[in-house]
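# A look at the structure
Okay, here's what each chain looks like letter by letter:
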Number of protein chains: 2
Amino acid sequence: MRIGVLGTGTVGQAIATRLCELQHEVCMGSREAGNEKAAAWAAHHGPSSSTGTFADAAAFGAIVFNCTAGRGSVAAVTSAAPQLAGKVLIDVTNPLDHSGDTTTLFVGNDDSLAESIQRAVPEANVVKTLNTVNNAVMVDPSLVPGDHVMFVSGDDEGAKATATLLLEQFGWPPERVVDLGDLTAARAQEAYLLLWIKLMKPLGGFNFNVAIQQG
Amino acid sequence: MRIGVLGTGTVGQAIATRLCELQHEVCMGSREAGNEKAAAWAAHHGPSSSTGTFADAAAFGAIVFNCTAGRGSVAAVTSAAPQLAGKVLIDVTNPLDHSGDTTTLFVGNDDSLAESIQRAVPEANVVKTLNTVNNAVMVDPSLVPGDHVMFVSGDDEGAKATATLLLEQFGWPPERVVDLGDLTAARAQEAYLLLWIKLMKPLGGFNFNVAIQQG
């Protein structure tokens, strides 16, 4: 399958690399063509990898991952809006603001970054997922033992099903994928990051996740 | 031990009842003396139970639980500020605003209800805990199988140790109590409620919690 990955940072590289391992063709997009990190990534991943602008990557992919930095996400998808129309846009970002003493969210509570992105590209079908774990765990959940879960939300059921299939390829079995409902649930998924950040210190690492236990 | 419980709702009743079962003496406090729900509760719990105003309950307890409705919590503790000085104040509330289409938090992100309470009673030692589970699970974690966890935060280490001892009496073993650090972590504990609410529907019930799994 042809998949676009918006963003050249650690998350974008982890997801693009995993997609190549899974025999997908991947175009990594950046704000301007000729991005050095994208070129270096593509040089190591053979003919199934390519690079371009955000619009190029969105045009290339039947499915597109948004892995841009939270602060730049709305601008990134807006620059590729025509190319994202009708496509599944899997949003893995978090609206983190590290400018203060403690990390906060620059959007939240009665809105979310995923909803902001959906409003910017109303013809795309945004699915929020993968934002609640470290990038290594995103693409290899077996790094964490047990039946820990991945949340998905979105307004389009077909898009969520597509995202769930890709999650399964990454190693998340469907029974560990929890559908939280429409895209307003992204407020909850993004707000969870505040807890994730506080858990890092007592746990002493990044590779962790939550399991749901029920009585 | 003598313990005050501020609040006469389902959470206050669940905690006060459990404390009586554990042979503590409990005073349930309400905004005005003579509260009918408090009187009915005390009538069923024998000589170790009593009722009074918030200030009466705070004066009675060596430890005090804040189980008031989130919107009324700051006013409640303020009315008992002199009686709360020097005491451990275990805050189990959530700043939920149900007035809109989706539940939001009326304080959050760069502040929390627990911190608002701490500012209102600076001479008390506020510990945030128990707010991340249903009231039944708060006082009987065995309702949910497995090694699910309870978070604590607060600025006073001794107060957190006291709260952890009470959690152990409720059935939370210390190895499943996760200390998230100072009271700014209450922002994370309270924000988690947005996820808790979204989980209710797919899980179809209230008695659930999260376990932490780590690689």
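Bear in mind the structure is a predicted one, so any value in this text is a computation, not a measurement.

Now for the overall build of chain A. Tallying secondary structure elements over chain A gives nine helices and eleven strands in all. Relative to the globule expectation of 17 Å for 215 residues, the C-alpha radius of gyration of chain A, 16 Å, shows essentially globular dimensions. Expressed along its principal axes, the backbone C-alpha trace of chain A runs to roughly 50 × 35 × 35 Å. Within the span of chain A, comprising 215 residues, buried residues form 52% of the whole. Sequence separation of 24 or more characterises 70% of the internal contacts of chain A that already satisfy a separation of 6 or more.

Right, let's get into the confidence of the model for chain A. Residue and element names in this part refer to chain A. Scored by pLDDT, chain A comes out at a mean of 98, with 100% of its residues at no less than 70. No element of chain A has a lower mean pLDDT than helix α2 (residues 36-43), at 97, and none a higher one than strand β8 (residues 125-129), at 99. Model confidence for the complex: the whole-complex pTM is 0.97, and ipTM, which rates the interface, is 0.96.

Moving on, we come to the interface of chain B and chain A. Counting residues at the interface gives 38 residues for chain B, matched by 38 residues for chain A. Counting residues per element, the side of chain B that touches chain A draws most heavily on helix α9 (residues 186-203) of chain B, which supplies eleven residues. In terms of residue class, the side of chain B that touches chain A is built from 19 nonpolar, 14 polar and five charged. Pairing of strand β11 (residues 208-214) of chain A with strand β11 (residues 208-214) of chain B involves seven bridges; the strand directions are antiparallel. Within β11 of chain B, the residue paired with V210 of chain A across the bridge is I212 of chain B.

Attention now goes to unusual backbone geometry. Residues and elements named next belong to chain B. Positive phi values are uncommon outside glycine, yet N109 reaches one of about 70°. Inspection of the secondary structure assignment puts N109 in the loop between β7 (104-105) and α6 (113-120). Since 20 C-beta atoms lie within 10 Å of it, N109 is described here as buried. Unusually for a residue other than glycine, L130 sits at a positive phi of about 70°.

The subject of this paragraph is the packing of helix α9 (residues 186-203) of chain A against α9 of chain B. Two numbers describe how α9 of chain A lies on α9 of chain B: the axes approach to 8 Å, and their chain directions differ by 145°. Seen along the crossing, α9 of chain A lies across α9 of chain B with a hand that is left-handed. Note on element contacts: α9 of chain B touches α9 of chain A through R187, A188, A191, Y192, L194, L195 and K198 of chain B, opposite R187, A188, A191, Y192, L194, L195 and K198 of chain A. Here the residues of the contact of α9 of chain A with α9 of chain B are counted per class, giving ten nonpolar, no polar and four charged.

Below, the discussion takes up α9 of chain A. It helps to recall that an α-helix has 3.6 residues per turn; residues three or four apart then point in one direction. All names here are of chain A. Over its 18 residues, α9 extends 25 Å from the first C-alpha to the last, a length consistent with the 26 Å expected when each residue adds 1.5 Å. Extensive coverage of α9 is indicated by the burial of 13 of its 18 residues. Once α9 finishes, G204 follows within two positions and takes phi at roughly 70°, a positive value.

We now examine the pairing of strand β3 (residues 49-53) of chain A. The side chains of a regular strand alternate between both faces of the sheet. Among the five residues in β3 of chain A, four count as buried, and that is most of the element. Crossover strand β2 (residues 25-30) of chain A to β3 of chain A through α2 of chain A is right-handed.

Right, let's get into the environment of I90 of chain B. Looking at where I90 of chain B falls in the secondary structure, it is placed in strand β5 (residues 88-91). For I90 of chain B, the residues in contact, after removing those within four places along its chain, are I63, F65, N66, V127, T129 and A163 of chain B.

Attention shifts here to the relation of the copies chain B and chain A. Of the two same-sequence chains, chain B is brought onto chain A (RMSD 0.0 Å, axial shift 0.0 Å) by a rotation of 180°. On this basis, the relationship between the two copies can be described by a two-fold rotation axis. When the interface residues of chain B are mapped onto chain A, 100% of them again lie at the interface, so the same face is used by both copies.

Residue and element names in this part refer to chain A. Structurally, F65 is set in strand β4 (residues 63-66). Between the C-alpha atoms of F65 and A186, which are 121 residues apart in sequence, the distance is 16 Å. Beyond its immediate stretch of four places on either side in the chain, F65 contacts I3, V5, L6, I15, I90 and V92.

Before going further, it helps to spend a moment on the sheet that holds β4 of chain A. All names here are of chain A. Ordered by their spatial adjacency, eight strands build an open sheet running β3-β2-β1-β4-β5-β8-β9-β10, and the pairing between neighbours is mixed. In this open sheet, the two edge strands, each paired with only one partner strand, are β3 and β10 (177-179). Pairwise comparison of adjacent strand axes, ignoring direction, gives a mean angle of 25° for this sheet. Helix α1 (residues 10-21) rests against β1 (2-6), β2, β3 and β4 of the sheet, and its axis sits at about 165° to β2.

A few words on the nonpolar core. The biggest cluster of nonpolar side chains holds 136 residues, and the ones touching the most others in it are V5 and I15 of chain A together with V5 and I15 of chain B. Sequence-distant contacts of I15 of chain B, defined by excluding residues within four places in its chain, comprise V5, F65, C67, M138 and V139 of chain B.

Before going further, it helps to spend a moment on the sheet that holds strand β1 (residues 2-6) of chain B. Residues and elements named next belong to chain B. Spatial ordering of the open sheet is given by β3-β2-β1-β4-β5-β8-β9-β10, a layout of eight strands whose pairing is mixed. Each end of this open sheet is capped by a strand with a single partner; those strands are β3 (49-53) and β10 (177-179). For this sheet, the mean inter-axis angle between neighbouring strands, taken without regard to orientation, is 25°. Across three bridges, strand β8 (residues 125-129) lies against strand β9 (residues 150-154) in antiparallel orientation. Counterpart to K128 in the pairing with β9 is S153. Of the strands in this sheet, β1, β2 (25-30), β3 and β4 (63-66) touch helix α1 (residues 10-21), which is tilted by about 165° from β2. Sitting on the sheet, α6 touches β4, β5 and β8, and the angle it makes with β8 is about 165°.

Conventions adopted
- Chains are numbered independently. Their residues run from 1 in the order of the written sequence.
- By the order in which they are written, chains take letters starting at A while ligands take numbers starting at 1.
- Given that the model is predicted, a residue must reach a pLDDT of at least 70 before its local features are reported, and side-chain atom pairs must reach 80 or more before they are shown or counted; all residues, however, enter totals for whole chains, interfaces and linings.
- Numbering of helices and strands runs from the N terminus; a helix is a DSSP stretch of H or I covering at least four residues, while a strand is a stretch of E covering at least two.
- Two things to know: the radius of gyration comes from C-alpha atoms, and the globule rule equals 2.2 Å times the number of residues to the power 0.38.
- Each residue is classified by how many other C-beta atoms fall within 10 Å of its C-beta atom, where C-beta atoms are placed from the backbone; a count of 20 or more means buried, 12 or fewer means exposed, and values in between mean partly exposed.
- Each residue gets a C-beta atom placed from its backbone, and two residues are in contact if those atoms lie within 7 Å.
- For every residue, the predictor reports its confidence as pLDDT, a number between 0 and 100.
- Gly counts as polar in this scheme, as do all residues outside two lists: the nonpolar Ala, Val, Leu, Ile, Met, Phe, Trp, Tyr, Cys and Pro, and the charged Asp, Glu, Lys and Arg.
- Strands are labelled as partners when DSSP assigns at least two bridges between them.
- Note on geometry: axes are lines fitted to C-alpha atoms, helical ones only across the stretch in contact, with angles between N-to-C directions running from 0 to 180 degrees.
- Crossing handedness follows the turn of the near helix against the far one: under a right angle anticlockwise gives a left-handed crossing, and clockwise gives a right-handed one.
- A helix is expected to span 1.5 Å for every residue after the first.
- Crossovers are marked right-handed if the path from the first strand over the helix to the second runs clockwise, as seen with the strands pointing away from the viewer.
- Only residues with pLDDT of at least 70 in both copies count here: their C-alpha atoms drive the least-squares fit that superposes the copies.
- By definition, a nonpolar core groups buried Ala, Val, Leu, Ile, Met, Phe, Trp, Tyr and Cys residues that are joined through C-beta atoms within 7 Å.

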